[in-house]
Amino acid sequence: MASRIAGARRYGLLAVVLFIAGALQASGRPAPGGYVLERDADVASTEPGTHNGGGQTVGYSFFKTTPDLRLVFRKRALKPGSGIGYHEQHEDEIYYVLSGTGSMTIDGKTFDVGPGTAVLTRPGSSHGLKQTGTDDLVILINYEQTPK
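In this text, all values refer to a predicted model and were calculated from it rather than measured experimentally. What you see as residue numbers is a count from 1 along each chain, following the sequence as written. Restriction of local features to residues with pLDDT of at least 70 applies here, the model being predicted, together with a cutoff of 80 or more for giving and counting side-chain atom pairs; totals for whole chains, interfaces and linings are based on all residues. The side-chain figures draw on all heavy atoms in the structure; neither hydrogens nor water molecules are used.

Draft legend 1. The arrangement of the sheet that holds strand β9 (residues 126-132) in detail. Two strands pair under a simple rule: DSSP has to find at least two bridges between them. Under the scheme used here, helices are H or I runs from DSSP no shorter than 4 residues and strands are E runs no shorter than 2 residues, and both carry numbers assigned from the N terminus. With antiparallel pairing, four strands are arranged side by side in an open sheet as β4-β9-β6-β7. One side of each edge strand has no neighbouring strand; the edge strands of this open sheet are β4 (83-88) and β7 (109-113). Averaged over all pairs of adjacent strands, the angle between strand axes in this sheet comes to 15°, irrespective of strand direction. Note: strand β6 (residues 101-106) against β9, six bridges, orientation antiparallel. Residue pairing for β9: I106 is matched across the bridge by H127. Here, axes are lines fitted to C-alpha atoms. For helices the fit covers the stretch in contact, and angles between N-to-C directions go from 0 to 180 degrees.

Printed below as a string of structure tokens:
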């Protein structure tokens, strides 16, 4: 008798899961699970330095067309002499240096950055970044936004 009750509960739970998955699909929202794969070559875009930073950069805006994604994940290659202009931050933002060297200014304090450097900028702070050296400064940038 106990095994019949346990079996019925399992089928009941399965029915609930299938109902929820069907409701999500009917609402236009994707079913749970899955993945999105993007590669540098597919998203690369030559752009001027952001926030009037000057020079040329290559921006890689991964997953920018993925619906309901709050996370912004970007890579940017700052060519020699380019930068991200000094600007006020409105949300937590993380910079991570993959390669190259640069000079970052946050709230008037300037320091060098290089491979392995991670910087968290907080809302209300102001910051900018300049590429230094002969190689591109390649960084990852991550923050949250309101989903599109």
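Draft legend 2. Local environment of the packing of aromatic side chains. Any two rings among Phe, Tyr and Trp, with Trp reduced to its six-membered ring, count as a pair given centres within 6.5 Å; such a pair is stacked if its planes are under 30 degrees apart, edge-to-face if over 60, and tilted if neither. Enumeration according to the criterion identifies three aromatic pairs in this entry. For the pair Y60 and F62, a centre-to-centre distance of 6.5 Å together with 10° between the ring planes defines the contact as stacked. As far as the burial class goes, Y60 and F62 line up, both buried. When the ring of F62 is compared with that of F73, the centres are 5.8 Å apart and the planes differ by 45°; the resulting orientation is tilted. You can see F62 sitting in strand β2 (residues 56-62) and its partner F73 sitting in strand β3 (residues 71-78), a full 11 residues away along the chain. For F62, a relative accessible area of 9% gives the class buried. An aromatic cluster is defined as three or more aromatic residues linked by ring pairs; in this entry it consists of Y60, F62, F63 and F73. For a ring to carry a charge above it, either NZ of a lysine or CZ of an arginine must fall within 6 Å of the ring centroid while also lying within 35 degrees of the normal to the ring plane. If you follow K75 out to its NZ or CZ, it ends over the ring of Y60, 4.7 Å from the centre. In this scheme, a residue with accessible area under 20% of its type's maximum is buried, one over 50% is exposed, and one in between is partly exposed, where area comes from a 1.4 Å probe on protein chains only.

Draft legend 3. Structural detail: the pattern of salt bridges. Salt bridges are defined as contacts in which a side-chain nitrogen from Lys or Arg sits within 4 Å of a carboxyl oxygen from Asp or Glu. Per the stated rule, a full pass over the model turns up four salt bridges. A salt bridge links E47 to R76; the shortest N-O distance between them is 2.8 Å. Residue E47 is located in strand β1 (residues 44-48), and its partner R76 is located in strand β3; the two are separated by 29 residues in the primary sequence. You can call E47 partly exposed: its relative accessible area is 23%.

Draft legend 4. The pairing of β6, seen in detail. Relative to β7, β6 runs antiparallel, the two sharing five bridges. Across the sheet, residue I106 finds its bridge partner in β7, namely K109. Connecting β6 to the antiparallel partner β7 that follows it, the hairpin turn spans two residues, and D107 within it adopts a positive phi of roughly 50°.

Draft legend 5. Seen up close, the confidence of the model for the chain. Confidence of the predictor at the level of single residues is given by pLDDT, which spans 0 to 100. Across the chain, the average pLDDT comes to 86, with 78% of residues at 70 or higher. What makes two residues a contact is simply this: any of their non-hydrogen atoms within 4.5 Å. Note that residues 8-24 has pLDDT below 50 and, in this model, three contacts with residues that lie over four places away or in other chains.

Draft legend 6. Spatial organisation of the pairing of β9. Across the seven residues that make up β9, a large majority, five, are buried. Where β4 and β9 come together, four bridges link them in antiparallel fashion. Counterpart to I84 in the pairing with β9 is L129.

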